[in-house]
Amino acid sequence: MRTLALLCGLALAAAPSFADTIHTADGKTISDCTIVTEGINKVTYKSGRNERQIDTQDVISIVYTEKPRAMNEADGPLMDGDLETASIILDDYVGAVVSGATTERRHKWAPAHAAWRVVELRQALGDLEGVTTAASRIIANFSESRYLPGAYLAKADAFYWNDNAKDAQATLRAFDSAISASGLPERWRMECDLALILTNDELGATTRRQNLGDIADRAGSRFATVKNRALVAKGESFLQEILGSPNKAAKNVPAALADFEAVLKDPKADDTTLAGAYVGLGDCIFHSAAKSKDRDELKRGLLAYLRVAAVYPEQGRYVSKALFYAGRCFDLMGDEESVERAKVMYNQVGWLYPGSNWAKEARNFLR
């Protein structure tokens, strides 16, 4: 966990010490402010003596300076890369608030945010059951917070990756009903439609990509985060199709590369989307470099994969793949030092993500 610990520490150290900061969907920031509440439709913050609001759908993330004691306690394990302990601390805090054992009067936004951090940490740990449980708690207890849409989407995603597409689709239908009942804005309808496509295994590759392209077009520049998520999924679909039809590589790899590069040229996206785009970029480069063993191209692919592990350490699903293929890049370089580095990468996958398919693949290259 050394890399993860270091990066978490750097992220915490980089947080401004004087005020909260809101990162918006248009790539801008609102700094020198204090968060008051995070509602389902509006985030209220103080700027100077004035209270202002921003639409929740336009908020990507918030960096908080002053936090409750439990959240500060969780920062310690996070800096050490101990996501499990951090998750337990936050889980206990949220549980105490939900049960009424404690009341959060000063930081009204904190319980819902802490509940969402548990979801994120469970995702990073690859604990699909934990994600489902944590997301369900937000839906049941923090339905008026800005984290409600994310909870539905995370729950559906966990069901899907746990080979339960039926419950994933049912969760998204419930989300669709919540969107109508709460009068949530257009972005969330598009997010729901996108997730319904991604969790529908009955769609053929061509139909899936057409639907994803339609979502990207609907989202446009107004909802760039949705557009970019759809483009990454579309690029991934091109690459996935090659596994069953290698003869399509000549056409599909350039098409996938165009989608990933479009996202990275206009990176208005959350960490999951950006991690996916960089892994996709690495995959496109690796596809040709693995055949030619072009050392420069292997290095270029390697940098894309290592960027994911370094910059997006909580994106476990992508980090596990990135570490494995970083190992493959080192392996194909062939010199003694690179081969040793490949072994380090393979061992890292097995250590950090022991139950993943990439850990199984890595073990095959350690024999």
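Quick caveat: nothing in here was measured; it's all calculated off a predicted structure.

**Student:** Help me understand the packing of helix α4 (residues 110-124) against helix α6 (residues 148-161) in this model?
**Tutor:** Helix-helix packing: each pair is described by the crossing angle between the helix axes and the interaxial distance. Running from N to C, α4 and α6 cross one another at 25°; their axes reach a closest spacing of 11 Å. When the interaxial angle is binned, α4 and α6 end up roughly parallel. Crossing of α4 against α6: the hand is left-handed. Counted together, W116, V119 and Q123 of α4 and G150, A151 and A154 of α6 form the full contact between these two elements. Among the residues making up the contact of α4 with α6, the classes are represented as 4 nonpolar, 2 polar and no charged.

**Student:** Sorry, what's going on with the sheet that holds strand β4 (residues 50-55) here?
**Tutor:** In sheet architecture, strand pairing relies on hydrogen bonds along the backbone and comes in two forms, parallel and antiparallel. In spatial order, the strands read β4-β3-β2-β1-β5; together these 5 strands make up an open sheet with antiparallel pairing. Each edge of the open sheet carries a strand with a single partner, namely β4 and β5 (59-63). The mean inter-strand angle of the sheet, taken between neighbouring strand axes irrespective of direction, is 45°.

**Student:** I'm lost on unusual backbone geometry in this one. Help?
**Tutor:** If a residue is not glycine, its phi is most likely negative; likewise, a peptide bond is most likely trans. The residue D32 is not glycine, and still its phi comes out positive at about 55°. The topology assignment puts D32 in strand β2 (residues 29-38). Accessibility expressed as a relative area gives 48% for D32, which makes it partly exposed. Unusually for a residue other than glycine, K293 sits at a positive phi of about 55°. Among the structural elements, K293 can be located in the loop between α12 (271-292) and α13 (295-311). Residue classification places K293 among the exposed positions, given a relative accessible area of 51%.

**Student:** How should I be thinking about the packing of aromatic side chains in this particular structure?
**Tutor:** Here a ring pair, both rings aromatic, is described through the centre-centre distance and the interplanar angle of the planes. One pass over the full model with this rule turns up 12 aromatic pairs. On the numbers, 5.7 Å between centres and 85° between planes, the contact of Y160 with W161 is edge-to-face. Under the relative-accessibility criterion, W161 is labelled partly exposed at 46%. Between F286 and Y325, the ring centres sit 5.1 Å apart and the planes meet at 70°, which makes this aromatic pair edge-to-face. Of this pair, F286 sits in helix α12 while Y325 sits in helix α14 (residues 316-333), and the two are 39 residues apart along the sequence. Among the residues examined, F286 registers a relative accessible area of 12% and is labelled buried. Following the ring pairs from residue to residue traces out a cluster consisting of F286, Y305, F324, Y325, Y346, W358 and F365.

**Student:** Could you clarify how one ought to interpret α6 in this entry?
**Tutor:** Every α-helix carries 3.6 residues per turn, so stepping three or four residues along brings you back to the same face. In this model, α6 (14 residues) spans 20 Å end to end at C-alpha, consistent with the 20 Å of a helix rising 1.5 Å per residue. Of all 14 residues in α6, 12 are buried; the element is thus mostly enclosed. Among the residues of α6, those classed as buried are L148, P149, G150, A151, Y152, L153, A154, K155, A156, A158, F159 and Y160. Looking at the buried side of α6, the elements it contacts are α4, α5 (128-141), α7 (165-182) and α8 (186-198).

**Student:** Explain the nonpolar core to me, please; I cannot follow it from the model alone.
**Tutor:** Looking at soluble globular proteins, one finds that nonpolar side chains tend to be buried together. Core analysis: the largest hydrophobic core is formed by 58 residues, its most contacted members being V226, L239, F286, L298, Y305, V308 and L323. Among the elements that take part in this core, α14 stands out by supplying 11 residues, more than any other. Residues within four places of L298 in sequence aside, it is in contact with F286, A289, K293, C329, L332 and M333. Among the nonpolar cores identified, the runner-up in size contains 55 residues, and I35, M71, Y147 and A158 belong to it.

**Student:** How should helix α3 (residues 83-99) be read in this particular structure?
**Tutor:** With 17 residues, α3 should cover 24 Å at 1.5 Å per step; its first-to-last C-alpha distance of 24 Å lies within 8% of that length. Buried residues of α3: L83, A86, S87, L90, Y93, V94 and V97, and no others. Looking down the long axis of α3, one finds its buried residues gathered within 130° of arc, a one-sided arrangement. Summarising the geometry of α3, the exposed residues directed more than 90 degrees from the buried face are D92 and S99. Looking at the residues trailing α3, positive phi occurs at G100, about 90°.

The rules we used
Residues numbered from 1 in each chain as written. Predicted model: local features only at pLDDT ≥ 70, side-chain atom pairs only at ≥ 80, totals over all residues. Heavy atoms only, no water. Axes fitted to C-alpha atoms, helices over the stretch in contact; angles between N-to-C directions. Helix = DSSP H or I, 4+ residues; strand = E, 2+ residues; numbered from the N terminus. Parallel < 35°, antiparallel > 145°, perpendicular 65-115°, else oblique. Left-handed = near helix turned anticlockwise from the far one by under 90°. Contact = heavy atoms within 4.5 Å. Nonpolar A, V, L, I, M, F, W, Y, C, P; charged D, E, K, R; others polar. Pairing = 2+ DSSP bridges. Buried < 20%, exposed > 50% of the residue type's maximum accessible area, 1.4 Å probe, protein only. Phe/Tyr/Trp six-rings, centres within 6.5 Å; stacked < 30°, edge-to-face > 60°. Expected span 1.5 Å × (residues − 1). Core = buried A, V, L, I, M, F, W, Y, C linked by side-chain atoms within 4.5 Å. Arc of directions from axis to C-beta.

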